[in-house]
There are 2 protein chains.
Amino acid sequence: MTNAVPNPEFVKPTISGPGAKLVSALSLAIHEHKLLPGTKLGEDELSEIFNVSRTVVRAALQALSHSELVELKRNRGAFVSQPTVREAREVFEARALLEPRTARSAAERMNEDALARLKAHIKAEHDAIAAGESGKALRLSGHFHIEISHIADQTTIAGFIERLVARSSLIIALYWKRQSALCEKHAHHALVDALGRGDGDEAEELMKSHLLDIVTALDLRDAPAPAVNLSDILTP
Amino acid sequence: MTNAVPNPEFVKPTISGPGAKLVSALSLAIHEHKLLPGTKLGEDELSEIFNVSRTVVRAALQALSHSELVELKRNRGAFVSQPTVREAREVFEARALLEPRTARSAAERMNEDALARLKAHIKAEHDAIAAGESGKALRLSGHFHIEISHIADQTTIAGFIERLVARSSLIIALYWKRQSALCEKHAHHALVDALGRGDGDEAEELMKSHLLDIVTALDLRDAPAPAVNLSDILTP
DNA sequence: GTGCGCAAAATTGTATACAATTTGATTTTG
DNA sequence: CAAAATCAAATTGTATACAATTTTGCGCAC
């Protein structure tokens with residue numbers, strides 16, 4: 001069965017043709033933490049798996065690098081990005097700057113259709129958790145924020161938020177405190193409530209504290225990134 | 001003589017090797033309004049001008065499309081982007097959201113070196129205007145905002161602002177009211193003053209009104225579109 | 001046994017050839 | 001004469017071949 005959410009894609013169609021499938025599949029896998037930060041994405045490997053030439057693989061990897069999910073190192077290859085602690089802090093500072101205001105706008109532009117989409121989204125999150133599909137649940141919880149930004153109807157800012165959410169997924173993979181449970185369930189539910197009532201003040205406040213909660217569940221001391229490739233770190 | 005400004009590049013090194021030159025040259029030409037929105041960027045044409053294969057031209061065009069300076073249309077080719085009126089409004093709304101706050105941060109992190117760079121920047125703008133190089137002046141005036149965002153030391157947000165400034169350049173090419181003079185001279189000078197004094201409140205306020213001034217000088221009602229000959233402008 | 005150096009293998013970078021699609025002009029047809 | 005159909009030229013999309021670079025592994029000296 002396919003996703004219950006209208007648009008399951010994170011990466012906008014910056015690329016078309018056969019490469020689009022590759023971009024979708026890779027970004028999906030990264031968002032669901034099936035591909036972990038540091039994983040090498042070899043060109044031959046991918047071209048064989050997807051039955052396309054290296055030309056389109058390279059185009060897809062370049063596209064992913066521009067959305068910052070993948071890092072390209074010249075003559076070395078493509079790797080799933082490994083945001084640093086500093087980048088992690090910056091990403092959530094940027095989200096704190098953009099998203100609360102965006103949630104307010106969304107509340108002001110709310111309508112029946114949008115509310116239905118959000119509720120369906122939360123249900124999908126629920127179902128994924130119930131089914132034990134933690135990767136999918138994680139991806140959906142990120143996508144929830146994107147959905148709100150789309151309701152706010154600010155395409156440009158929504159694009160920024162998409163990038164930040166994508167990066168957040170990598171950050172969570174690297175810095176999430178294992179002991180703290182990921183229970184965005186209540187926060188998202190409360191947000192949908194506020195949005196449904198058109199309560200911009202509350203939506204803004206809820207989003208602010210929700211983002212703070214997420215950061216609190218991260219371990220952003222100088223924790224070394226669990227690198228797959230040690231040589232990247234040990235050789236200057 | 002080369003630029004007096006430390007980093008004349010707008011597009012970050014998302015691409016390396018021979019293609020980097022191409023990206024630099026094209027983004028420079030676009031920022032200086034030598035290549036106007038809607039201009040077609042043919043692959044053969046560029047590969048001949050820069051003496052590289054179409055492979056690297058395509059990579060460069062893809063990079064430019066991800067920074068939204070260029071729009072790729074499948075089976076049609078690459079064109080200098082033509083932001084719509086709606087996009088234009090969104091871009092300046094996003095700038096209004098990000099830049100005043102960023103100017104405040106910059107004021108708080110100001111130091112001797114940064115102040116010197118900003119003053120050198122303003123001087124370069126001055127000189128370009130005096131020399132009648134309006135394209136260069138325009139590019140520098142955009143880069144001034146990027147310089148401030150770098151001083152604020154928020155790489156992620158700085159990246160967003162870079163994209164917005166790039167897009168603004170296209171917007172100005174399309175929607176600038178000819179009658180209104182572009183005199184960012186005073187605004188930029190006042191900003192540097194406030195920043196130099198570490199006056200965050202004033203810097204934030206000045207940036208806000210400065211951005212408003214720019215929008216006011218735009219005619220965001222309709223949109224014509226010009227075009228141009230490539231080989232007349234580009235020389236590697 | 002450790003470290004260095006060199007050569008082979010693997011991988012990425014670039015160029016070129018060919019396929020698919022669009023474009024524009026010319027011809028055909030009502 | 002206008003509109004539609006068509007065919008050739010031009011342009012982009014994709015695959016493959018070759019070059020450059022990095023990685024790997026073996027052998028040798030110390």
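Residues numbered from 1 in each chain as written. Chains lettered and ligands numbered in written order. Predicted model: local features only at pLDDT ≥ 70, side-chain atom pairs only at ≥ 80, totals over all residues. Heavy atoms only, no water.

Student: So what's going on with helix H7 (residues 155–175) of chain B? Which residues, and what values?
Tutor: Taking 1.5 Å per residue, 21 residues should reach 30 Å; H7(B) reaches 29 Å between its end C-alpha atoms and fits that length. In terms of burial, H7(B) is a largely internal element, 19 of the 21 residues being buried. (Helix = DSSP H or I, 4+ residues; strand = E, 2+ residues; numbered from the N terminus. Expected span 1.5 Å × (residues − 1). Buried < 20%, exposed > 50% of the residue type's maximum accessible area, 1.4 Å probe, protein only.)

Student: Please provide a residue-by-residue account of the protein's contact with DNA strand C, values included.
Tutor: In the vicinity of DNA strand C there are 16 residues, among which Arg58(A), Pro18(B), Ser53(B), Thr55(B) and Arg76(B) approach most closely. The sugar and phosphate moieties of DNA strand C supply 69% of its atoms located within 4 Å of the protein. Take Thr55(B): an N or O atom from its side chain is 2.7 Å from a base nitrogen of DNA strand C. For DNA strand C, a phosphate oxygen lies 2.4 Å from a polar atom in the side chain of Arg76(B). Of all the secondary-structure elements, those providing two or more residues to the surface near DNA strand C are helix H2 (43–50) and helix H3 (54–66) of chain A together with helix H3 (54–66) of chain B. (Near = heavy atom within 4 Å. Polar contact = N/O pair within 3.5 Å; in protein donor to acceptor, adjacent residues only side chain to side chain.)

Student: Summarise the environment of Glu108(A); cite the residues concerned and give the values.
Tutor: In this structure, Glu108(A) sits in helix H4 (residues 85–108). The sequence separation of Glu108(A) and Asp199(A) amounts to 91 residues, and the corresponding C-alpha distance is 7.6 Å.

Student: So what's going on with the interface of chain B and chain A? Residues and values would help.
Tutor: Each partner contributes to the interface: chain B provides 26 residues, whereas chain A provides 26 residues. Between chain B and chain A, roughly 2,400 Å² of surface is buried when both sides are summed, and carbon and sulfur atoms account for 53% of that area. A per-residue breakdown of the area chain B buries against chain A is headed by His66(B), Leu97(B) and Phe160(B), which together make up 25% of the total. Linking chain B with chain A are two salt bridges, by the criterion used here. (Contact = heavy atoms within 4.5 Å. Buried area = accessible area lost by both parts, 1.4 Å probe. Salt bridge = Lys/Arg side-chain N within 4 Å of Asp/Glu carboxyl O.)

Student: So what's going on with the nonpolar core? Which residues, and what values?
Tutor: If you look at the biggest cluster of nonpolar residues, it comprises 42 residues, and the most contacted ones within it are Leu98(A), Tyr175(A), Leu98(B) and Tyr175(B). Broken down by secondary-structure element, the contributors of at least two residues to this core are H4, helix H6 (134–151) and helix H7 (155–175) of chain A together with helix H4 (85–108), helix H6 (134–151) and H7 of chain B. Membership of the second largest hydrophobic core comes to 23 residues, among which are Ile49(B), Val57(B), Leu64(B) and Leu170(B). (Core = buried A, V, L, I, M, F, W, Y, C linked by side-chain atoms within 4.5 Å.)

Student: How would you summarise unusual backbone geometry if you had to cite specific residues and measurements?
Tutor: In this model, Asp153(A) sits at a positive phi of 65°, which is unusual for a non-glycine residue. Relative to the assigned elements, Asp153(A) resides in the loop between H6 and H7. In this structure, Glu68(B) is a non-glycine residue whose phi angle is positive, near 65°. Mapped onto the secondary structure, Glu68(B) falls in the loop between H3 and strand E2 (70–73).

Student: Now, about the environment of Ala194(B): what can you tell me, with residues and values included?
Tutor: Residues and elements named next belong to chain B. The residue Ala194 is located in helix H8 (residues 185–196) in this model. Exposure remark for Ala194: the relative accessible area of 0% places this residue in the buried category. It is 9.7 Å that separates the C-alpha atoms of Ala194 and Ala103, two residues lying 91 residues apart in sequence. Not counting the four nearest positions on each side in its chain, Ala194 is found in contact with Asp199, Glu202, Ala203 and Leu206.

Student: I'd love a proper account of the sheet that holds strand E2 (residues 70–73) of chain A, names of residues and values included.
Tutor: Residues and elements named next belong to chain A. Strand order in the open sheet made by the three strands is E1-E3-E2, with antiparallel pairing throughout. Looking at strand neighbours, the two that pair on one side only are strand E1 (40–41) and E2, the edges of this open sheet. Pairing between E1 and strand E3 (residues 77–80): two bridges, direction antiparallel. Residue Lys40 lies in a different strand from E3, and its bridge partner there is Phe79. (Pairing = 2+ DSSP bridges.)

Student: Could you give me a rundown of the relation of the copies chain B and chain A, with the residues and numbers involved?
Tutor: Superposing chain B onto chain A takes a rotation of 180° plus a shift of 0.0 Å along the axis, which leaves an RMSD of 0.1 Å. Put plainly, the chains are arranged around a two-fold axis. Taking the C-alpha atom as reference, chain B places His66(B) closest to the rotation axis, 3.2 Å from it. Both copies share a contact surface, since 100% of the interface residues of chain B are interface residues in chain A too. (Least-squares fit on C-alpha atoms with pLDDT ≥ 70 in both.)

Student: Explain the packing of aromatic side chains residue by residue, including any values.
Tutor: Here the structure, examined in full by the defined rule, presents one aromatic pair over all chains. Where Phe160(A) meets Phe160(B), the ring centres are 4.1 Å apart and the plane angle is 15°; that geometry is what we call stacked. Of this pair, Phe160(A) sits in helix H7 while Phe160(B) sits in helix H7, each in a different chain. Neither Phe160(A) nor Phe160(B) differs from the other in exposure class; each is buried. Positioned above the aromatic ring of Phe79(A) is the side chain of Lys73(A), whose terminal nitrogen or guanidinium carbon lies 4.9 Å from the ring centre. (Phe/Tyr/Trp six-rings, centres within 6.5 Å; stacked < 30°, edge-to-face > 60°. Lys NZ or Arg CZ within 6 Å of the ring centre and 35° of its normal.)

Student: For the sheet that holds strand E1 (residues 40–41) of chain B, give the residues involved together with the corresponding values.
Tutor: Residues and elements named next belong to chain B. In spatial order, the strands read E1-E3-E2; together these three strands make up an open sheet with antiparallel pairing. Whereas interior strands pair on both sides, the edge strands pair on one side only; in this sheet they are E1 and E2. Here E2 pairs with strand E3 (residues 77–80) via four bridges, running antiparallel. Pairing of Val70 across the sheet is with Val80, part of E3.

Student: Requested: an account of a positive patch on the surface, with residues and values cited.
Tutor: There is a patch of like positive charges on the surface, built from Arg101(A), Lys208(A), Arg101(B) and Lys208(B). Note on placement: Lys208(B) falls in helix H9 (residues 200–216). Here Lys208(B) falls in the partly exposed class, since its relative accessible area comes to 40%. (Patch = residues over 30% accessible without salt bridge, like charges linked within 9 Å, V, L, I, M, F, W, Y side chains within 5 Å. Areas by Shrake-Rupley, 256 points an atom, 1.4 Å probe, with all protein chains shown as cover. Lys, Arg positive; Asp, Glu negative; His and termini not counted. Charge placed at Lys NZ, Arg CZ, Asp CG, Glu CD.)

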